[in-house]
Amino acid sequence: MNTGFVIGESKPTFVTAITSRPLSVGEYIKIDSDEGEILGLVEKSSVSSAAFADVKNFDEAFESTEIAEINKRDKTYTAHIGILGFLENLRKGQSIIPAVPPIPGTPISQPTKEDLEAIFSPQKDGWVKIGNLLREKSIEAKINLDKIVARHLGILAMTGMGKSNLVSLITKQIGKLKGTVIIFDYHNDYTTLNIPRINVIDAKINPRLLDADQLSEVLEIRDGANVQQRVLRMAFTKQVKESKEFWKKLETEVEFIVNSEDKKIKEIRTSAYRVQDIIEEAQRRFEDILDPDMGDPISFIKEGRTNILNISELSEKQANVALAFYLQQLLKDRKDASIVKHGRSKRERNYKFDSPIFVIIEEAHVFIPKDHDTSAKYWAAKIAREGRKFGLGLGIVSQRPRSVDLNVLSQLGSFAIMKIIQEDDQRQIAAATESTSRELIAQLTSLNVGDAVLVGQWTNLPSLVHVEEVKEKIMGADQSAVNAWANAEKMNEIAVESTQGLVKKDLLLD
């Protein structure tokens with residue numbers, strides 16, 4: 001049954017249609033053509049009324065209502081449809097755009113359930129369910145896990161729109177395959193994720209493994225304190241790194257600078273005093289975070305599990321250093337594994353992980369900012385460029401896409417884009433995702449919680465999906481202040497009544 005007809009000027013990638021009913025954005029449409037059936041996606045939909053075209057006041061509007069009800073031809077339903085490719089090829093996972101645009105007057109109709117299932121629910125290894133098509137709820141939406149590890153993933157949305165739920169779902173699906181996931185959890189959102197094979201690690205930093213600049217950041221020597229940083233570089237020797245008494249040896253080296261009679265060193269004595277104070281204060285403030293005796297932090301990550309690395313106790317600078325260290329070591333490990341496994345080295349095994357790893361960075365705008373360089377950004381960019389060759393996938397999650405480095409974003413092969421209102425964010429997304437049309441970007445403001453536009457290599461076609469809710473995820477939801485206040489008031493009343501009861505009892509006993 002025909003749903004409508006192609007009208008006006010058509011192109012190989014885009015047509016306009018007049019339809020018998022209003023079509024929903026995200027709905028799929030089949031277009032007949034001499035070359036074969038074509039599948040299209042409704043990217044924009046509008047309704048107009050001839051009776052209301054020139055209405056200027058309330059009375060005219062009231063009269064036009066009656067006219068519109070009588071005249072069956074009053075309403076015009078217009079759909080702007082992006083062409084996705086020939087249906088037959090799409091069933092096989094191939095997107096081939098027609099060379100000749102559909103002729104105006106060509107009928108359009110709805111694709112069958114079998115057509116959509118073949119495209120969006122492939123019965124192939126590596127494809128897992130992530131939800132259902134937003135406009136065809138009976139159709140399961142699946143994604144290709146191979147592609148997110150090999151080509152990386154971006155999850156972008158406003159706060160509260162379902163980012164962490166999607167991360168949890170992807171993690172859960174990888175966990176079923178006993179894959180290795182590492183989530184850098186900046187706000188302690190995932191430590192209570194109740195799924196099998198989970199390994200929660202409270203992040204610590206081994207200062208022995210850092211260079212002088214990294215240690216300066218961890219100790220929170222302020223930016224621009226160049227002389228203090230110079231003092232630390234002089235003191236942070238190889239002997240300090242190898243000493244059993246790390247902090248004592250570091251303090252001794254700084255003390256040597258303080259007491260030096262060298263004229264050049266005397267000039268920096270005041271700064272050396274300040275570095276002494278900083279080291280002493282750091283040992284007290286960061287006792288639970290800085291541990292020179294912890295060994296290699298990578299050894300705490302378990303292969304074949306979901307590893308939640310809780311970095312919520314670290315300051316932004318410390319978290320940046322920790323993240324950079326992990327990313328650097330993970331990339332090195334995967335490179336070493338690749339070299340040995342492919343016979344390019346006769347060295348004995350010098351790597352920890354046998355299989356691919358998927359790393360997820362929450363709050364990516366903090367660690368991969370576009371306006372300044374960070375060590376974490378350097379290594380994230382390196383993984384985005386090289387990781388796919390060595391089985392190291394990168395997932396970045398952010399509610400502020402406009403603040404994430406575009407060079408890293410543009411290296412990501414797949415995206416889940418949820419509700420985004422800010423125009424700057426939308427422009428950044430459009431710049432990073434070539435397959436997302438302006439019309440589809442414009443719809444991001446109207447998405448509900450859990451709705452997402454999926455584009456890129458992890459899905460056969462761009463799609464609007466409602467993501468399945470992960471019941472095992474406990475934290476991350478908005479807290480009800482009203483309920484919390486009410487419960488607190490109840491507890492106060494109970495406490496008062498209990499106290500009054502004890503007072504009366506004491507009086508009776510007296």
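As a reminder, the structure under discussion sits directly above these lines.
Quantities reported herein were computed from a predicted structural model and do not represent experimental measurements. (Residues numbered from 1 in each chain as written. Predicted model: local features only at pLDDT ≥ 70, side-chain atom pairs only at ≥ 80, totals over all residues. Heavy atoms only, no water.)

Enquirer: Kindly report on empty space enclosed by the protein, identifying the contributing residues and their values.
Expert: The full count for this structure, using the stated rule, is 3 cavities of 30 Å³ or more. Approximately 60 Å³ is the volume found for the largest cavity. Around the largest cavity, the lining residues are Lys204, Ile205, Asn206, Leu209, Leu210, Pro297, Ala322, Phe325 and Tyr326. Here the residues of the lining of the largest cavity sort into 7 nonpolar, 1 polar and 1 charged. As for the second largest cavity, its lining consists of Leu153, Ile155, Ile170, Phe358, Ile360, Gly395, Ile396 and Val397. Going through the elements one at a time, strand 9 (153-156), strand 13 (357-361) and strand 14 (392-398) are the ones with two or more residues in the lining of the second largest cavity. Of the residues in the lining of the second largest cavity, the class split is 7 nonpolar, 1 polar and no charged. (1 Å grid on protein atoms, 1.4 Å probe; cavity = no way out; pocket = protein on both sides within 12 Å on 5 of 7 lines; lining within 4 Å. Points joined across faces, edges and corners; volume = space filled by probe spheres on them. Nonpolar A, V, L, I, M, F, W, Y, C, P; charged D, E, K, R; others polar. Helix = DSSP H or I, 4+ residues; strand = E, 2+ residues; numbered from the N terminus.)

Enquirer: Summarise the packing of aromatic side chains; cite the residues concerned and give the values.
Expert: Applying the stated criterion to the full structure yields 7 aromatic pairs. Summarising the aromatic geometry, the rings of Phe246 and Trp247 are spaced 5.0 Å apart at their centres and angled 80 degrees between planes, so their arrangement reads as edge-to-face. Accessibility assignment for this pair places Phe246 and Trp247 in one class, buried. Relative to Tyr326, the ring of Phe325 has its centre 6.2 Å away and its plane inclined at 85 degrees; by these criteria the two rings are edge-to-face. Accessibility assignment for this pair places Phe325 and Tyr326 in one class, buried. Three or more aromatic residues link up through ring pairs in this structure, and these residues are Phe184, Phe325 and Tyr326. (Phe/Tyr/Trp six-rings, centres within 6.5 Å; stacked < 30°, edge-to-face > 60°. Buried < 20%, exposed > 50% of the residue type's maximum accessible area, 1.4 Å probe, protein only.)

Enquirer: Requested: an account of unusual backbone geometry, with residues and values cited.
Expert: For Lys178, which is not a glycine, the phi torsion comes out positive at approximately 60 degrees. Look at Glu363: it is not a glycine, yet its phi comes out positive at around 55 degrees. Relative to the helices and strands, Glu363 resides in the loop between strand 13 and helix 13 (364-367).

Enquirer: Summarise the pattern of salt bridges; cite the residues concerned and give the values.
Expert: A complete count under the given rule lists 22 salt bridges for this structure. Of the charged contacts, one joins Arg285 and Glu220 as a salt bridge, the two residues approaching to 3.4 Å between their closest N and O atoms. In this pair, Arg285 sits in helix 11 (residues 269-285) while Glu220 sits in the loop between helix 6 (212-218) and helix 7 (226-235), placing the two residues 65 residues apart along the sequence. Take Glu220: its relative accessible area is 29%, and that puts it in the partly exposed class. One salt-bridge network, in which partners are shared between bridges, spans Glu88, Arg91 and Asp115. (Salt bridge = Lys/Arg side-chain N within 4 Å of Asp/Glu carboxyl O.)

Enquirer: Report on the nonpolar core, specifying residues and quantitative values.
Expert: Side chains of a nonpolar character, in soluble globular proteins, are inclined to be buried together. Ranked by size, the top nonpolar core spans 128 residues in total, and within it Ile130, Ile170, Phe184, Leu219, Leu250, Ile361 and Phe367 carry the most contacts. Apart from the residues lying within four places of it in its own chain, the contact partners of Leu250 are Leu215, Leu232, Ala235, Phe236, Val240 and Ile279. Val6, Ile29, Ile83 and Phe86 belong to the second-largest nonpolar core, a separate cluster that totals 13 residues. (Core = buried A, V, L, I, M, F, W, Y, C linked by side-chain atoms within 4.5 Å. Contact = heavy atoms within 4.5 Å.)

Enquirer: Report on the sheet that holds strand 1 (residues 2-11), specifying residues and quantitative values.
Expert: Within a beta sheet, neighbouring strands are joined by backbone hydrogen bonds and run either parallel or antiparallel to one another. One closed barrel accounts for 6 strands, arranged 1-2-5-4-3-6; its pairing is antiparallel. Shown here is a sheet whose adjacent strand axes are inclined to one another by a mean of 40 degrees, direction ignored. Bridge analysis of strand 3 (residues 28-31) against strand 6 (residues 107-109) gives 2 bridges, and the strand direction is antiparallel. In the strand pairing of strand 6, Lys30 is matched with Ser109. (Pairing = 2+ DSSP bridges. Axes fitted to C-alpha atoms, helices over the stretch in contact; angles between N-to-C directions.)

Enquirer: Would you mind going over the packing of helix 7 against helix 11 in detail, with residue names and values included?
Expert: A packed helix pair is summarised by two numbers, namely the angle formed by the two axes and the spacing between the axes. It is the contact of helix 7 with helix 11, at a shortest axis distance of 9 Å, that shows an interaxial angle of 70 degrees. For the element pair helix 7 / helix 11, the angle class is roughly perpendicular. Judged by residue contacts, Val227, Gln228 and Val231 of helix 7 engage Ser271, Ala272, Arg274, Val275 and Ile278 from helix 11. Tallied by class, residues from the contact of helix 7 with helix 11 come to 5 nonpolar, 2 polar and 1 charged. (Parallel < 35°, antiparallel > 145°, perpendicular 65-115°, else oblique.)

Enquirer: Describe a positive patch on the surface, listing the residues and the values that go with them.
Expert: On the surface, a cluster of positive charge is made up of Lys147, Arg151, Arg388 and Lys389. Going through the elements one at a time, helix 4 (145-151) and helix 14 (375-390) are the ones with two or more residues in the positive patch. Among the structural elements, Lys147 can be located in helix 4. (Patch = residues over 30% accessible without salt bridge, like charges linked within 9 Å, V, L, I, M, F, W, Y side chains within 5 Å. Areas by Shrake-Rupley, 256 points an atom, 1.4 Å probe, with all protein chains shown as cover. Lys, Arg positive; Asp, Glu negative; His and termini not counted. Charge placed at Lys NZ, Arg CZ, Asp CG, Glu CD.)

Enquirer: Report on a negative patch on the surface, specifying residues and quantitative values.
Expert: Taken together, the side chains of Asp54, Asp59, Glu60, Glu63, Glu66 and Glu69 present a region of like negative charge at the surface. With respect to the helices, strands and loops of the structure, Glu66 is situated in helix 1 (residues 58-70).

Enquirer: Pulling in residues and values, what's your account of the sheet that holds strand 8 (residues 140-144)?
Expert: Reading across the sheet, the 11 strands line up as 8-7-17-16-15-9-14-13-10-12-11 and stay open at both edges, with mixed pairing between neighbours. One side of each edge strand has no neighbouring strand; the edge strands of this open sheet are strand 8 and strand 11 (198-202). Strand-to-strand twist across the sheet, computed as the mean angle between neighbouring axes with direction ignored, equals 30 degrees. Sheet analysis places strand 7 (residues 127-133) next to strand 17 (residues 463-467), joined by 3 bridges and oriented antiparallel. Counterpart to Asn132 in the pairing with strand 17 is His466. Contacts between helix 12 (residues 316-341) and the sheet are confined to strand 10 (180-185), strand 12 (306-310), strand 13 and strand 14, with strand 13 contributing the most and set at about 165 degrees to the helix.

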